[in-house]
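# Structural description and commentary
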Amino acid sequence: MPLIEYRDALNQAFDEELARDPNVVLMGEEVAEYDGAYKVTKGLWKKWGSKRIVDTPISEAGFIGMGVGASMLGIRPVMELMFWSFATVAWDQIINNAAQVRYMSGGLINCPIVIRGPANGGTNVGATHSHNHESFLANVPGLKVVCPATAYDAKGLMKTAIRDNDPVMFMENTLLYGEKWEVPEEEYLIPLGKADIKRVGTDITLIAHGRAALTACTAADILAAEHNIFAEVVDLRSIRPLDEEAILESVRKTHRAIYIEEAKPFCGVGAQISSMIMEKIFDELDAPVLRVTSIDAPAIYSPELEKRQLPRPLDVVEKVLSIC
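This write-up is about the structure you can find in this document. Predicted, not measured: the structure shown is a model, and the values here were computed from it.

### Quick notes on the overall build of the chain
Looking only at helices and strands, one finds twelve helices and 14 strands in the chain. For 324 residues, the compact-globule estimate of 2.2 N^0.38 gives 20 Å, and the C-alpha radius of gyration of the chain, at 19 Å, lies within 12% of that figure. Referenced to the eigenvectors of the C-alpha coordinate spread, the extents of the chain come out at roughly 55 × 40 × 40 Å. Every one of the 324 residues in the chain was classed for burial, and the buried ones make up 55%. Looking at the chain alone, contacts between residues at least 24 apart form 81% of all its contacts between residues at least 6 apart. Total accessible area on the chain stands at roughly 13,700 Å², and carbon and sulfur atoms take up 54% of it.

Structure representation (structure tokens):
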């Protein structure tokens with residue numbers, strides 16, 4: 001299989017879905033003539049033209065609202081946010097409209113929209129550009145939330161998200177765009193709500209989503225090489241729907257669990273997972289469920305300090321050693 005950058009895997013997903021379904025369109029700031037702020041949509045405007053790849057004004061409330069309305073009428077828009085931090089400008093459109101219309105119409109109106117872009121810190125762009133909104137969004141019934149860690153997952157999940165009849169919030173990570181993974185040349189789909197075991201282990205379960213899944217994998221390698229501890233890494237891939245059984249099955253095997261995420265700890269995804277494990281399989285646990293998260297403060301602008309703010313592999317190793 002060829003090695004493909006994360007951004008190019010997404011680009012392939014868009015190109016294939018644009019060819020498959022004439023109702024698929026891409027919209028957002030600079031996605032067309034400029035090839036996208038992160039070059040994720042490179043070359044698509046030249047190939048598909050201005051009716052399928054649409055540059056929008058710098059008005060998230062306006063163009064997300066336009067995409068939500070278009071999706072209710074049968075279009076399948078893929079909307080790019082230059083930063084997910086800017087989604088708060090369109091919170092009403094996402095939460096009060098996209099998430100609720102299917103329920104409030106008695107199932108008569110679907111909203112098959114994908115809203116995507118980078119949701120992460122670690123790029124030294126300040127607190128207003130570095131939010132991880134997945135816990136906010138996963139709290140809203142009606143929204144699906146996807147956080148792929150690899151190019152392979154990003155492509156397969158994006159193609160599935162575009163075909164889904166519900167609004168899918170697709171959370172990417174800027175730091176992964178240039179990273180390469182093997183991606184098949186033949187078409188494939190990855191179902192939403194299906195976790196992936198990134199490492200097989202017996203001693204502890206490391207659960208994560210997004211780039212934190214790769215942090216967990218690095219920590220697992222260190223634990224095996226230096227401490228003879230074999231960690232299983234469960235990458236959620238999607239937060240909602242959630243693959244509860246994959247998590248519980250792994251913890252039943254290892255009897256210990258740590259959740260790793262780059263978001264803040266208060267009301268985070270890890271808090272939800274910890275509660276679920278302790279409510280459903282408490283008797284299987286040999287130690288408390290722990291978490292490794294970002295430091296609970298606005299994103300720090302200083303490059304060196306921001307590196308310390310986000311969870312690092314050695315932070316995970318230290319936490320594992322405290323219960324193993």
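### Section: the sheet that holds strand 9 (residues 196-199)
The strand order 9-11-10-13-14 describes an open sheet built from five strands, whose pairing is mixed. Of all the strands in the sheet, just strand 9 and strand 14 (290-292) have a single pairing partner and so form its edges. Mean inter-strand twist for the sheet, computed between neighbouring axes without regard to direction, equals 25°. Relative to strand 11 (residues 231-235), strand 10 (residues 204-208) runs parallel, the two being bridged by five bridges. Within strand 11, the residue paired with Ala208 across the bridge is Asp235. Each of strand 9, strand 10, strand 11 and strand 13 (257-260) is contacted by helix 8 (residues 211-227), which is oriented at about 170° to strand 11, the strand it contacts most. Where helix 12 (residues 313-323) meets the sheet, its contacts fall on strand 10, strand 13 and strand 14, and the angle it forms with strand 14 comes to roughly 165°.

### Concerning helix 9 (residues 244-254)
Since there are 3.6 residues in each turn of an α-helix, residues three or four apart along the chain are aligned in direction. What helix 9 keeps buried is the set Ala246, Ile247, Leu248, Ser250, Val251 and Thr254. Those residues of helix 9 that are buried are in contact with strand 10, strand 11, strand 13 and helix 10 (269-280). At the C-terminal side of helix 9, His255 shows a positive phi close to 70°.

### Things to note about the nonpolar core
In terms of nonpolar packing, the biggest core is built from 45 residues, with Ile64, Trp84, Ile94, Ile115, Met169, Ile207 and Ile277 touching the most fellow members. Of all elements in the fold, only strand 2 (24-28), helix 3 (60-72), helix 4 (91-98), helix 6 (134-138), strand 7 (168-172), helix 9, strand 13 and helix 10 reach the threshold of two or more residues within this core. The contacts of Ile207, once residues within four sequence positions are left out, are Val234, Leu236, Ile247, Ala257, Ile258, Tyr259, Ile260, Ile273 and Ile277. Ile4, Phe170, Tyr188 and Leu192 belong to the second largest nonpolar core, which has 36 residues in total.

### Thoughts on the pattern of salt bridges
Under the definition given, this model contains 26 salt bridges. Lys159 is paired through a salt bridge with Glu187; the nearest N and O atoms lie 2.9 Å apart. Placement of the pair is Lys159 in helix 7 (residues 151-163) and Glu187 in the loop between strand 8 (180-182) and strand 9, with a sequence separation of 28 residues. Through salt bridges that share partners, Glu16, Glu17, Arg20, Lys155, Lys159, Arg163 and Glu187 make up one connected network.

### Quick word on a nonpolar patch on the surface
Where nonpolar side chains cluster on the molecular surface, the patch consists of Met72, Leu73, Leu108 and Ile109 and spans about 440 Å² of accessible area. By relative accessible area, which is 31% here, Met72 ends up partly exposed.

### Quick word on empty space enclosed by the protein
According to the stated counting rule, one finds two cavities of 30 Å³ or more in the structure shown. Ala119, Asn132, Glu134, Gly210 and Arg211 are the residues nearest the centre of the largest cavity, which is lined by 14 residues in total. For the lining of the largest cavity, the elements supplying multiple residues, two or more each, are strand 7 and helix 8. When grouped by side-chain class, the residues that make up the lining of the largest cavity number five nonpolar, four polar and five charged. Here the second largest cavity is characterised by a volume of approximately 50 Å³. Across the lining of the second largest cavity, the residue classes break down as two nonpolar, five polar and three charged.

### Comments concerning the sheet that holds strand 3 (residues 53-55)
Read across the open sheet, the seven strands follow the order 3-2-4-5-7-6-12; overall the sheet is mixed. The sheet terminates laterally at strand 3 and strand 12 (238-240), the two strands that pair on one side only. For this sheet, the mean angle separating the axes of adjacent strands, direction not counted, is 20°. When strand 4 (residues 76-80) meets strand 5 (residues 114-118), the two strands line up parallel, connected through three bridges. Bridge pairing in strand 5 links Met79 to Ile115.

### A closer look at the state of the cysteines
Evaluated as defined, the whole model comprises zero disulfides. The closest cysteine sulfur to the non-disulfide-bonded Cys111 is located on Cys147, 19 Å from its own sulfur. In this structure Cys324 is not part of a disulfide, and its nearest cysteine sulfur, from Cys217, lies 17 Å away. On the accessibility criterion, Cys324 (37% relative accessible area) is partly exposed.

### Topic: helix 10
Look at helix 10: 17 Å from first C-alpha to last across twelve residues, which is about the 16 Å you get at 1.5 Å a residue. Among the residues of helix 10, Val269, Gly270, Ile273, Ser274, Met276 and Ile277 are the ones counted as buried. One side of helix 10 holds all its buried residues, which, seen down the axis, span an arc of 165°. When the buried face of helix 10 is taken as reference, the exposed residues oriented beyond 90 degrees from it are Gln272 and Glu279. Structurally, helix 10 contributes buried residues whose contacts are with helix 6, strand 10, strand 12, helix 9, strand 13 and strand 14.

Rules used in this analysis
Residue numbers run consecutively from 1 along every chain, following the written order of its sequence. Local features in this predicted model are restricted to residues of pLDDT 70 or higher, and side-chain atom pairs are both shown and tallied only at a pLDDT of 80 or more, whereas totals for entire chains, interfaces and linings draw on every residue. Excluded from the side-chain calculation are hydrogens and water; included are all heavy atoms of the structure. Secondary structure counts use DSSP, requiring at least four H or I residues in a row for a helix and at least two E residues in a row for a strand, with both numbered from the N terminus. With the radius of gyration taken over C-alpha atoms, the globule rule is written as 2.2 Å times the number of residues to the power 0.38. Exposed residues in this analysis have more than 50% of their type's maximum accessible area, buried residues have under 20%, and partly exposed residues fall in between, with area computed by a 1.4 Å probe over protein chains only. The criterion used for residue contact is that any of the two residues' heavy atoms lie within 4.5 Å. For the accessible areas, the method is Shrake-Rupley and the probe is 1.4 Å, while residue cover comes only from the protein chains on display. Strand pairing requires that DSSP identify at least two bridges connecting the strands. Between N-to-C directions, angles cover 0 to 180 degrees, with each direction set by a line fitted to C-alpha atoms, over the stretch in contact for helices. By nonpolar core we mean a set of buried residues, namely Ala, Val, Leu, Ile, Met, Phe, Trp, Tyr and Cys, connected to one another through side-chain atoms within 4.5 Å. In what follows, salt bridge is the name for a side-chain nitrogen of Lys or Arg lying within 4 Å of a carboxyl oxygen of Asp or Glu. In this scheme, patches are assembled from residues that exceed 30% relative accessible area and form no salt bridge. Like charges are connected within 9 Å, while nonpolar side chains (Val, Leu, Ile, Met, Phe, Trp, Tyr) are connected within 5 Å. Note on definitions: the grid is 1 Å and covers protein atoms alone; a cavity is a set of points where a 1.4 Å probe fits but cannot get out; a pocket is an open set with protein on both sides within 12 Å along at least five of seven lines; lining residues have an atom within 4 Å of a point. Grid points are joined across faces, edges and corners, and a volume is the space filled by probe spheres set on the points. Ten residues, namely Ala, Val, Leu, Ile, Met, Phe, Trp, Tyr, Cys and Pro, are considered nonpolar, four, namely Asp, Glu, Lys and Arg, are considered charged, and the remaining ones, Gly among them, are considered polar. In plain terms, two cysteine sulfur atoms within 2.5 Å form what is called a disulfide here. For a helix, the expected span equals 1.5 Å multiplied by the residue count minus one. Directions from the helix axis toward the C-beta atoms define the arc.

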